[in-house]
Amino acid sequence: MTIRNLPEPVRRSLKERAAAHNRSMEAEVRAILEDSVAPRADFMSRWVASTEALRGDFELPERSPARSVELS
């Protein structure tokens, strides 16, 4: 695959991103493409993982006693 007419700022950003991930530009583009078309099931697991930091301790309100139900 060849990508023509890639704007220089985009190419530069891609090169910096690849370097930050210790990959070649080709490997970085491959990772970006794979991530962008990942199955939706994977989206949920990534979303749950990304919200892990939001977890915390909280108190549930006290529940009232169950009401009686007449079944006749």
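Just above, that's the structure.
1. A word on the overall build of the protein
- In terms of regular secondary structure, the protein is built from three helices and zero strands.
- When the elements of the protein are put in sequence order from the N terminus, they spell out α-α-α.
- Relative to the globule expectation of 11 Å for 72 residues, the C-alpha radius of gyration of the protein, 25 Å, shows a markedly less compact shape.
- Each principal axis of the C-alpha atoms in the protein carries an extent, and together these give about 75 × 30 × 20 Å.

2. Some thoughts on a nonpolar patch on the surface
- Taken together, the side chains of Met1, Ile3, Leu6, Val10 and Leu33 define a hydrophobic patch exposed on the protein surface, amounting to about 540 Å² of accessible area.
- Position of leucine 33 among the secondary structure elements: in helix H2 (residues 25-36).
- The exposure class of leucine 33 is partly exposed, given its relative accessible area of 42%.

3. Examining the side chain of glutamate 28
- Within the secondary structure, glutamate 28 sits in helix H2.
- Glutamate 28 gets classed as buried once you look at its relative accessible area, which sits at 0%.
- Those residues in contact with glutamate 28 that sit more than four places away from it in its chain are Leu14, Arg17, Ala18, His21 and Arg23.

Thresholds, definitions, all that
- Residues numbered from 1 in each chain as written.
- Predicted model: local features only at pLDDT ≥ 70, side-chain atom pairs only at ≥ 80, totals over all residues.
- Heavy atoms only, no water.
- Helix = DSSP H or I, 4+ residues; strand = E, 2+ residues; numbered from the N terminus.
- Rg over C-alpha atoms; globule rule 2.2 N^0.38 Å.
- Patch = residues over 30% accessible without salt bridge, like charges linked within 9 Å, V, L, I, M, F, W, Y side chains within 5 Å.
- Areas by Shrake-Rupley, 256 points an atom, 1.4 Å probe, with all protein chains shown as cover.
- Salt bridge = Lys/Arg side-chain N within 4 Å of Asp/Glu carboxyl O.
- Buried < 20%, exposed > 50% of the residue type's maximum accessible area, 1.4 Å probe, protein only.
- Contact = heavy atoms within 4.5 Å.

In short, geometric facts, not functional conclusions.
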